[in-house]
Amino acid sequence: MGELITRIKVVFLQLWDNIQSAVSTAEPGQKLLPVLEAILPVLCGVLRVAAVIVAIVVVSRCITSLWRERSGREIWGWLSMTDGTRLNLHHWENAVGRGGRADITLHVPTVSRSHAALLRDDKGNWKLQPLQTKNGTRLNGRLVVHTIPIKTGDVIDMGGVPLEFYAISEEEEREQAMRLGVAERPLRPGRTLGYLMIFQIMMCVQCLPGREPPDMAMIALSFAVLPAAMWGMYALYRSMKRTAFEAETIAFFLCTVSFAITAAYSPDNLLRQTVCMLMGLVLFFILSILLRDLRATGSLRWPVAVLTCLLLIFNVVLGQRLFGAKS
């Protein structure tokens, strides 16, 4: 520990000598630039170490938050069959059907693979959303063709299989929260984004030394747009009452690393990369809105599959081979 402190003292003494030398040799009124040129190399060395620590903090907070969300098996309601079998609803969006990927699986031939969905909002209200099925979905004996609210005691008929719906009460929800330990204060996504913004500033500063003024301006602009887009998307999600932002935080973290690599080796491509990032965010947000409607999602699967194949063909036929890969 003593040797480490000694080395740190030596580094700062050398830095002080470089600053004094830069000031003494600089022309009057032009001392700021030589001082910055003397400070930046040492500052970048310190930032390399600090950036690694901040990056570990950001990633660990995201993983911890995701782990907390999956640490318990919440039950938000259940379906009761005529033989007394209880089918628990573990999610806010539960797909019911005969398929193996359904959240609630009914092994009955008259039930479609994706028959219906049970949806819960943040206020505890439930809705029944019928999907495209042959044998239909009924609520209390009436055929359902559109999303409709449901309540405890309603009987849902899916392909001739009657299911009585029950939602947990507020008291049961509080007891569940205490039992599973989710009542503890969660990690704030805003604080994690604050750490990520510090990481972005560190990466930006490390890319500036030795650059021409146009490259420095492009690097600064790109690293200014990145956190602005990040905070703007977070504010938009908060306005939609979405609290989870871990996956998006990791995505912005990877974007920051990508921006830093581009700034270090090819700053001329930063503008294109920034535009592509913004276009990707817009597309991601549109998809996140569309995917909230299961019926619309099902109707879009074939157009999306065709578009994916066309993009693959376009890349293979017209792409150029760079570093062993076509793009």
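Above this text sits the structure in question.
Residues numbered from 1 in each chain as written. Predicted model: local features only at pLDDT ≥ 70, side-chain atom pairs only at ≥ 80, totals over all residues. Heavy atoms only, no water.

**Describing the sheet that holds strand β8 (residues 142-144)**
The six strands lie next to each other as β2-β1-β11-β10-β7-β8, forming an open sheet whose pairing is antiparallel. In this open sheet, the two strands that pair with only one neighbour each are β2 (86-89) and β8. Between one strand axis and the next, the sheet turns by 30° as a mean value, whatever way the strands run. In terms of strand pairing, strand β1 (residues 77-80) meets strand β11 (residues 161-167) through four bridges, oriented antiparallel. Note that in β11 the partner of L79 across the bridge is F165. (Pairing = 2+ DSSP bridges. Helix = DSSP H or I, 4+ residues; strand = E, 2+ residues; numbered from the N terminus. Axes fitted to C-alpha atoms, helices over the stretch in contact; angles between N-to-C directions.)

**Concerning the sheet that holds strand β5 (residues 116-120)**
Paired through backbone hydrogen bonds, the strands of a sheet run either parallel or antiparallel to each other. The strand order across the open sheet formed by five strands is β4-β3-β5-β6-β9, and the pairing between neighbours is mixed. The sheet is open, and its two borders are formed by β4 (104-105) and β9 (148-150), each paired with just one other strand. Summarising the sheet, strand β3 (residues 93-97) and β5 pair through four bridges and their orientation is antiparallel. Paired with V96 across the bridge in β5 is A116.

**Concerning empty space enclosed by the protein**
One simple way to see leftover space: roll a probe sized like a water molecule over the atoms. Applying the stated criterion across every chain yields a total of one cavity of 30 Å³ or more. As a volume, the largest cavity reaches approximately 60 Å³. Lining of the largest cavity is provided by R61, C62, S65, L187, R188, P189, T192, F245, E246 and T249. Mapped by element, the contributors of at least two residues to the lining of the largest cavity are α2 (32-69), α4 (189-207) and α6 (246-265). (1 Å grid on protein atoms, 1.4 Å probe; cavity = no way out; pocket = protein on both sides within 12 Å on 5 of 7 lines; lining within 4 Å. Points joined across faces, edges and corners; volume = space filled by probe spheres on them.)

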